[in-house]
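# A look at the structure
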Amino acid sequence: MSSDDASDEGSEPHPEIPRNGMPGPSPDERPHPEGRRNAKGIRIDPEAEAEPEHRTAVVSALVEHEPGVLSRVSGLFSRRQFNIESLTVGPTTVEGHARITLVVEETDPGIDQVKKQLAKLKPVIQVGELDDDAVRAELVVLKVRGEEPDKVQAITEMYEGRTLDAGPRTITVQITGDQQKIDDAIDAFRQFGIIEIARTGQTALARGDTPTTPGEEPGHAKDTDEQSDEVKTGTYDD
Amino acid sequence: MSEHAPPKSDAADDAETDTGVETGAEAVVAALESAGAETLFGVQGGAIMPVYDALYDSDLQHVTMAHEQGAAHAADAYGVVSGEPGVCLATSGPGATNLVTGIADADMDSDAMVALTGQVPSHMVGSDAFQETDTTGVTAPITKHNYFAGDADTVGDTVGEAFALSAEGRPGPTLVDLPKDTTLAETDAEPGPAETPETYSVEEDPDDEQVEAAARAIERAEKPLLLFGGGVVKSDACKEARGFAMEHGIPVATTMPAIGSMPEDHELCLSWAGMHGTGYANMAITHTDCLIAVGTRFDDRLTGGVETFAPEAEVVHVDIDPAEISKNVHADYPVVGDAATAIERLDAEMDRSPQTREWRSQCRAWKDEYPLAYATPDDEPLKPQFVVEAFDEATDDDAVVTTGVGQHQMWAAQFWTYRSPRTWVSSHGLGTMGYGVPAAIGARIAADDDQQVVCFDGDGSFLMTMQEISVAVREDLDITVAVLNNRYIGMVRQWQDAFFDGRQMAADYDWCPEFDKLAEAFGAKGLRVDDYDEVADAVEEALEYDGPAVVDFHIDPAENVYPMVPSGGANGKFALSEDQL
């Protein structure tokens with residue numbers, strides 16, 4: 001196209017085309033619209049700085065219990081820079097299925113992404129986010145100095161815990177409960193000097209008749225009923 | 001291991017068809033055949049040898065590539081052009097890791113592809129054995145799904161599943177890692193039909209309420225803009241998408257992967273938007289009040305900064321992958337489903353077309369204001385844009401273009417008028433230099449015999465995979481490679497000039513060999529062009545040559561790519577020259 005023009009003009013540069021450039025008004029001379037989107041791509045009032053707030057969500061994923069599934073899930077989280085608080089995994093009543101419970105701290109769009117990206121993974125069967133009233137529990141095992149066994153026992157009982165090991169120098173106890181209770185218990189044990197601590201992270205189920213992941217059916221094996229006899233534990237009342 | 005196969009004869013063939021599957025490797029090959037694979041691209045090696053041995057008696061075409069990366073790119077491009085998953089093979093360890101770039105490339109561009117990798121025998125896995133790599137571990141983040149096939153009785157079904165899964169819903173690469181004991185083991189398990197796994201469910205038909213809400217939004221828009229993404233091409237929805245645009249008089253911008261989804265010479269087509277997209281497409285995106293995006297993931301090279309992307313628009317987002325909805329850009333009207341189905345449903349739901357007369361004339365005005373142009377005074381070195389236009393004029397409308405990555409890729413995208421889907425084959429999301437030559441090989445094999453295949457490459461990009469020219473020579477593939485040689489790694493040089501005070505660290509490529517002579521050394525035709533008056537003859541000679549031809553175009557080293565939306569900038573504030581950056 002412009003080559004024809006150029007040959008007519010000999011060695012003169014094209015009058016309308018700047019060197020190494022193109023025609024048209026420069027950026028500042030063009031009309032610009034007023035609207036704006038925030039960093040998450042959500043359209044917002046230009047006057048407002050609407051950044052969604054972070055919240056904690058408990059996400060439950062029903063997965064095929066196959067090698068590598070946990071690394072796929074954890075890999076997904078690290079690759080996509082999701083802020084993960086805890087991750088627990090264990091088999092369910094259905095043979096070949098496992099449940100992964102994730103606690104994430106993200107914005108609403110972020111939590112939405114977590115669920116959708118999880119659901120995309122081939123071994124993931126169902127994903128659900130738990131309500132605030134879900135039944136949640138965490139286990140902590142902690143080892144404290146053994147100088148004051150009576151006091152340690154008192155605190156352990158106060159938090160409905162159990163002593164797993166007691167010796168002249170150390171006492172190891174376990175506490176289960178929701179996150180707040182665990183945090184409080186750890187605080188209470190601090191006075192004795194905590195030597196070591198191991199927390200599992202939260203695991204959770206939906207309360208009452210609500211399935212934990214949408215459409216989840218308890219106690220049924222995927223293929224045949226035979227397989228599931230041993231693990232069949234009950235059904236929801238429909 | 002199988003006995004060394006006797007030379008092929010009719011008798012041997014007959015015997016083979018009678019006996020069926022005898023080993024894991026034969027099950028792999030049988031699965032590929034029954035899934036509809038026709039061509040494989042690969043490189044031999046220790047751990048994959050049983051599969052190759054099984055190929056000896058198969059009708060599947062195998063193309064030995066010079067490097068596994070070439071195999072992956074060729075398979076990828078084969079898939080893009082044919083619409084069927086491409087298949088690549090490599091051995092364990094270095095073979096598998098050499099595939100990684102190509103797999104990642106296919107993953108970023110949602111291209112259906114199946115990679116088969118050899119693996120050390122199961123009992124040696126984890127021992128750091130010779131040529132062992134944790135291939136499923138390495139490729140987990142860059143595959144749609146991958147498999148470790150530890151059982152000869154199920155390996156055929158696994159390969160079939162990998163094949164089906166790669167194409168189902170949103171396409172992507174899958175990988176099957178094949179330990180040598182699995183492929184050597186005896187089995188008589190014939191693979192069943194290739195089926196996607198039960199846990200992978202795709203919603204193809206969009207929800208009624210979603211369609212209705214989106215249709216209302218489009219009806220009331222005054223400045224609607226369709227944005228076709230790669231999904232429109234991959235789901236073969238171009239006919240429906242074009243029909244929708246024309247019926248309702250809605251201008252169309254595309255993303256780079258969707259080049260060709262809308263004929264670029266159509267009055268409604270604004271060509272492609274994004275960092276180096278047309279000024280008019282970017283102006284339209286900036287000013288639209290209803291962006292109807294179909295099958296795009298809103299890559300940052302398209303959006304620039306999302307806070308300034310389509311700031312006034314309500315966004316209708318059609319995508320088969322729910323995870324793409326509101327991932328990068330919030331969708332006001334999400335429509336989850338297959339592109340063709342969704343567009344037909346939207347069309348049926350619309351009671352009237354939006355009133356777009358003024359808006360269309362505004363778009364036409366932008367086309368006049370910001371034409372793609374370049375200066376070509378006689379005393380200047382050859383302009384690359386001129387070369388692209390010369391090839392476009394000399395080729396048929398359905399010619400396939402492949403590219404490497406860099407400035408040449410942008411010129412090839414800007415100055416060639418694409419009219420048909422699956423004629424633009426490029427590396428978008430990953431931006432893989434070296435994609436062009438192996439892609440041209442895959443495209444050549446997938447394309448119709450009368451379709452021309454032209455690869456535009458840069459000097460830096462060509463240098464990365466030009467060994468594959470040897471494959472094109474061996475296979476006698478009629479491809480033309482146009483190297484737009486500016487003796488720089490040009491896009492980097494452009495950024496160094498614009499953003500690093502012209503400190504051209506490691507961007508100078510004046511050490512490049514003479515590509516025409518290299519081409520001749522490979523047995524291809526080699527040509528060199530320095531001036532405008534040599535272009536036409538060289539283009540003609542290269543295109544007419546029946547076999548691979550490489551033309552080394554020595555272009556203006558100072559030429560840069562414009563327009564340009566600076567990284568993270570606003571689409572409407574594209575620079576037209578360096579002083580605007």
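Rules and cut-offs
Residues numbered from 1 in each chain as written. Chains lettered and ligands numbered in written order. Predicted model: local features only at pLDDT ≥ 70, side-chain atom pairs only at ≥ 80, totals over all residues. Heavy atoms only, no water. UniProt positions renumbered as here; feature names shortened; annotations may be inferred. Helix = DSSP H or I, 4+ residues; strand = E, 2+ residues; numbered from the N terminus. Rg over C-alpha atoms; globule rule 2.2 N^0.38 Å. Buried < 20%, exposed > 50% of the residue type's maximum accessible area, 1.4 Å probe, protein only. Contact = heavy atoms within 4.5 Å. Areas by Shrake-Rupley, 256 points an atom, 1.4 Å probe, with all protein chains shown as cover. Lys, Arg positive; Asp, Glu negative; His and termini not counted. Charge placed at Lys NZ, Arg CZ, Asp CG, Glu CD. Core = buried A, V, L, I, M, F, W, Y, C linked by side-chain atoms within 4.5 Å. Pairing = 2+ DSSP bridges. Axes fitted to C-alpha atoms, helices over the stretch in contact; angles between N-to-C directions.

Per an unreviewed UniProt entry, chain B goes by the name Acetolactate synthase and belongs to Halorussus limi. What UniProt states about chain B under its Catalytic activity (unreviewed entry) heading is, verbatim, "2 pyruvate + H(+) = (2S)-2-acetolactate + CO2". Under the heading Sequence similarities (unreviewed entry), UniProt records this for chain B: "Belongs to the TPP enzyme family."

An unreviewed UniProt entry lists chain A under the name Acetolactate synthase small subunit, from Halorussus limi. According to its UniProt record, chain A has this under Sequence similarities (unreviewed entry): "Belongs to the acetolactate synthase small subunit family."

### Here's the deal with the overall build of chain B
For chain B, the helix and strand inventory stands at 23 helices and 18 strands. For chain B, the C-alpha radius of gyration of 24 Å lies close to 25 Å, the compact-globule estimate for 581 residues. In terms of its C-alpha atoms, chain B occupies a principal-axis envelope of roughly 75 × 60 × 45 Å. Counting over 581 residues, chain B shows a buried share of 62%. Summarising the internal contacts of chain B: among those between residues at least 6 apart in sequence, 75% fall at separations of at least 24. In the structure as shown, chain B presents an accessible area of about 20,400 Å², 46% of it carried by carbon and sulfur atoms. Between the averaged position of the 31 positive side-chain charges in chain B and that of its 107 negative side-chain charges there is a distance of 10 Å.

### Overview of the UniProt feature "domain: Thiamine pyrophosphate enzyme N-terminal TPP-binding" (unreviewed entry) in chain B
Within this structure's numbering, the places UniProt gives as "domain: Thiamine pyrophosphate enzyme N-terminal TPP-binding" (unreviewed entry) are residues 23-136 of chain B. For the annotated span residues 23-136 of chain B, helix accounts for 45% and strand for 18% of the residues, and the straight-line distance between the end C-alpha atoms is 23 Å.

### Quick word on the UniProt feature "domain: Thiamine pyrophosphate enzyme TPP-binding" (unreviewed entry) in chain B
Using the residue numbers shown here, the UniProt feature "domain: Thiamine pyrophosphate enzyme TPP-binding" (unreviewed entry) corresponds to residues 404-553 of chain B. Across residues 404-553 of chain B one finds 43% helix and 17% strand; the C-alpha atoms that close the span lie 15 Å apart.

### Re the nonpolar core
Nonpolar side chains tend toward joint burial in soluble globular proteins. All names here are of chain B. Counting residues in hydrophobic clusters, the biggest one holds 70 residues, and the most contacted among them are Phe298, Leu382, Phe391, Trp416, Phe456 and Phe553. Among the elements that line this core, the one with the most residues is helix H23 (residues 532-544), at 6 residues. Beyond its immediate sequence surroundings of up to four residues, Phe456 is in contact with Val388, Phe391, Val401, Thr402, Thr403, Gly404, His408, Ala412, Trp416, Ala482 and Leu484.

### Here's the deal with the environment of B:Asp319
All names here are of chain B. Among the structural elements, Asp319 can be located in strand S11 (residues 314-319). The class for Asp319 is buried, based on a relative accessible area of 7%. Residues contacting Asp319, with those up to four places away along its chain left out, are Gly295, Thr296, Glu324, Ile325, Val335, Val336 and Gly337.

### Observations regarding the sheet that holds S11(B)
Residue and element names in this part refer to chain B. Across the sheet, 6 strands lie side by side as S9-S8-S7-S10-S11-S12; this open sheet has parallel pairing. Pairing within the sheet leaves two strands with one partner each, and these edge strands are strand S9 (269-272) and strand S12 (333-336). With direction set aside, neighbouring strand axes in the sheet form an average angle of 15°.

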